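Residue-level listing of the chains:
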Amino acid sequence: MTPTHQKFLTALIARECGQVLEADSGYASDARLAPVAQQFGHDDINHLIQHIMTTRAPEAVRAVVEAIVTNETCFFRNGAPFRHFSETALPALLAARAETRTLRIWSAAASTGQEAYSLAMLLADRKAALSGWRVQLLATDISESALAHARAGEYSQFEVQRGLPIRHLVAHFKQAGDRWRIKSDLRKTVRFEQFNLLDDPSHIGCFDVIFCRNVLSYFDQDRRKTVLDSVARQLNPDGYLYLGDKETAAGAAIDFVADPTTRGLFQPREAPPGQALAS
Ligand SMILES: C[S@@+](CC[C@H](N)C(=O)[O-])C[C@H]1O[C@@H](n2cnc3c(N)ncnc32)[C@H](O)[C@@H]1O
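Residues numbered from 1 in each chain as written. Predicted model: local features only at pLDDT ≥ 70, side-chain atom pairs only at ≥ 80, totals over all residues.

Asks: Mind showing me how you'd approach the site of the ligand here?
Replies: Around the ligand, a shell composed of 23 residues is seen, among which T73, A109, S111, L197 and R213 lie nearest. Across the shell around the ligand, the residue classes tally to nine nonpolar, nine polar and five charged. A domain-level breakdown of the shell around the ligand finds at least three residues from each of domain 1 (3-68) and domain 2 (80-268). (Near = placed C-beta within 6 Å. Nonpolar A, V, L, I, M, F, W, Y, C, P; charged D, E, K, R; others polar. Domains from an automatic or database assignment.)

Asks: Just checking my understanding: could you explain the domain arrangement of the protein for this structure?
Replies: It is common to report an interface's size as the accessible area lost on association of the parts. Examined at the domain level, the protein breaks down into domain 1 (3-68) and domain 2 (80-268). Just the C-alpha atoms count here: the centres of domain 1 and domain 2 sit 30 Å apart. On the side of domain 2, twelve residues touch domain 1, which itself brings six residues to the contact. Residues that form the side of domain 1 that touches domain 2 fall into these classes: three nonpolar, two polar and one charged. (Contact = placed C-beta atoms within 7 Å.)

Asks: Just checking my understanding: could you explain helix α3 (residues 45-55) for this structure?
Replies: Residues that lie three or four places apart on an α-helix share one face, since the helix turns once every 3.6 residues. For α3, the full list of buried residues reads I45, L48, I49 and I52. The buried residues of α3 occupy an angular sector of 95° when projected down its axis, which confines them to one face. Exposed residues lying more than 90 degrees from the buried face of α3 are T54 and T55. A positive phi of about 55° marks R56, the residue just after α3. (Buried ≥ 20, exposed ≤ 12 C-beta atoms within 10 Å, placed from the backbone. Helix = DSSP H or I, 4+ residues; strand = E, 2+ residues; numbered from the N terminus. Arc of directions from axis to C-beta.)

Asks: Sorry if this is basic, but what is going on with the sheet that holds strand β10 (residues 265-268) here?
Replies: Working definition: the strands of a sheet are paired by backbone hydrogen bonds and lie parallel or antiparallel to each other. Across the sheet, seven strands lie side by side as β6-β2-β1-β7-β8-β10-β9; this open sheet has mixed pairing. Two strands lie at the open edges of the sheet, namely β6 (190-194) and β9 (256-258), each paired on one side alone. Between one strand and the next, the sheet's axes are offset by a mean angle of 20°, whatever the strand orientation. Where β9 lies against β10, three bridges are found, and the strand directions are antiparallel. Bridged to V257 within β10 is Q267. Lying on the sheet, helix α6 (residues 114-125) is in contact with β1 (102-107), β2 (134-141), β6 and β7 (207-212); it crosses β2 at an angle near 165°. (Pairing = 2+ DSSP bridges. Axes fitted to C-alpha atoms, helices over the stretch in contact; angles between N-to-C directions.)

Asks: It is not clear to me how the packing of helix α1 (residues 3-17) against α3 should be interpreted in this structure. Could you clarify?
Replies: Across the interface, α1 lies against α3 with an axial gap of 10 Å and an inter-helix angle of 60°. Accordingly, the angle class assigned to the pair α1 and α3 is oblique. Remark: the crossing between α1 and α3 carries left-handed chirality. Here α1 contributes H5, F8, L9 and L12 to the contact with α3, which in turn contributes N46, I49, Q50, I52 and M53. Split by residue class, the contact of α1 with α3 holds six nonpolar, three polar and no charged. (Parallel < 35°, antiparallel > 145°, perpendicular 65-115°, else oblique. Left-handed = near helix turned anticlockwise from the far one by under 90°.)

Asks: Mind showing me how you'd approach the pairing of strand β5 (residues 179-182) here?
Replies: It is a general feature of regular strands that their side chains alternate between the two faces of the sheet. What you see with β5 is a clean split: W180 and I182 sit on the buried side and R179 and R181 on the side with no burial. In this sheet, β5 lies alongside strand β4 (residues 173-176) in antiparallel orientation, the contact comprising four bridges. Of the residues in β5, the one forming a bridge with F173 is I182. If you look at the hairpin formed by β4 and β5, you'll find two residues sitting between the two strands, and G177 has a positive phi there, around 65°.

Asks: Just to check I follow, could you spell out unusual backbone geometry for this structure?
Replies: Note on backbone geometry: most residues besides glycine have negative phi, and most peptide bonds are trans. Unlike most non-glycine residues, R56 shows phi in positive territory, near 55°. Following the sequence through the fold, R56 ends up in the loop between α3 and α4 (58-68). On the basis of neighbour count, R56 is assigned to the exposed category, with 10 C-beta atoms found within 10 Å. With phi around 50°, R101 is a residue other than glycine that occupies positive phi space. Turning to its location among the elements, R101 is positioned in the loop between α5 (80-96) and β1. Accessibility expressed as a C-beta count within 10 Å gives 14 for R101, which makes it partly exposed.

Asks: Help me understand the nonpolar core in this model?
Replies: Side chains of nonpolar character tend, in soluble globular proteins, to be buried together. Within the largest apolar cluster, 56 residues are counted, with the highest numbers of intra-cluster contacts made by I210, C212 and L241. Among the nonpolar cores identified, the runner-up in size contains 15 residues, and L48, A63, V64 and I68 belong to it. (Core = buried A, V, L, I, M, F, W, Y, C linked by C-beta atoms within 7 Å.)

Have a look at this one:
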């Protein structure tokens, strides 16, 4: 890619999705963008970027963003946050929300859905205790292609082998040829919507649990803080914020306490113990 096109691409990606393209990422970007150039009928990536520079064609911009973002994920990724959610957060919230019987959970960079479905399976484990409750599980991502995969709820053998306990596979999946399809009763418990974390999330309301894992690290420092603050504003004061294992809520406008038992887990410092809040 020419330096001019690389510079334009870096600015475009930062503006559209907040991701920082490292100066030495040229080779990786080239590999990801070659199929997009082909899809839009261009001989090479420079022609694709030139086309965007002159036309700003939204569908080409979207395709470039889709190709650049990293959708890496798996079921029950890193284990510990999901164990904490199931064994500690959920029982505490069941007690704290006993009156309103409402629970709202947000998977804020849901990729192809494994994170949200992992949470859905843990909620299904508590079916009896949650009977009569209004449980909302919202999963959002910027990538429409990742969301299409997530909505279909269909995974390869490789994808289900990564992190999914056999008891969950047996309980919630049906084999369809060489693929595994999530049973529709579980699939229907998750609502997938497109949402860019650079936008204001206030219209989607407040949540008791937010998983915003392995996305902040792709942003530069300023964007990381802006996104962290806007996501944190959607968390109820006694809620749980799960970031990636290497991500931190330090520096956020809300004062968070890191949970010593689970990496990447934060709670607002002023959490009123056991107090239910309106969602
Ligand atoms: C590495 S995946 C993490 C998936 C999952 N949270 C996990 O931890 O396994 C990062 C996801 O963030 C999404 N993403 C990147 N920039 C975003 C943005 N500005 N708004 C919303 N999602 C974004 C990507 O599309 C991708 O699906």
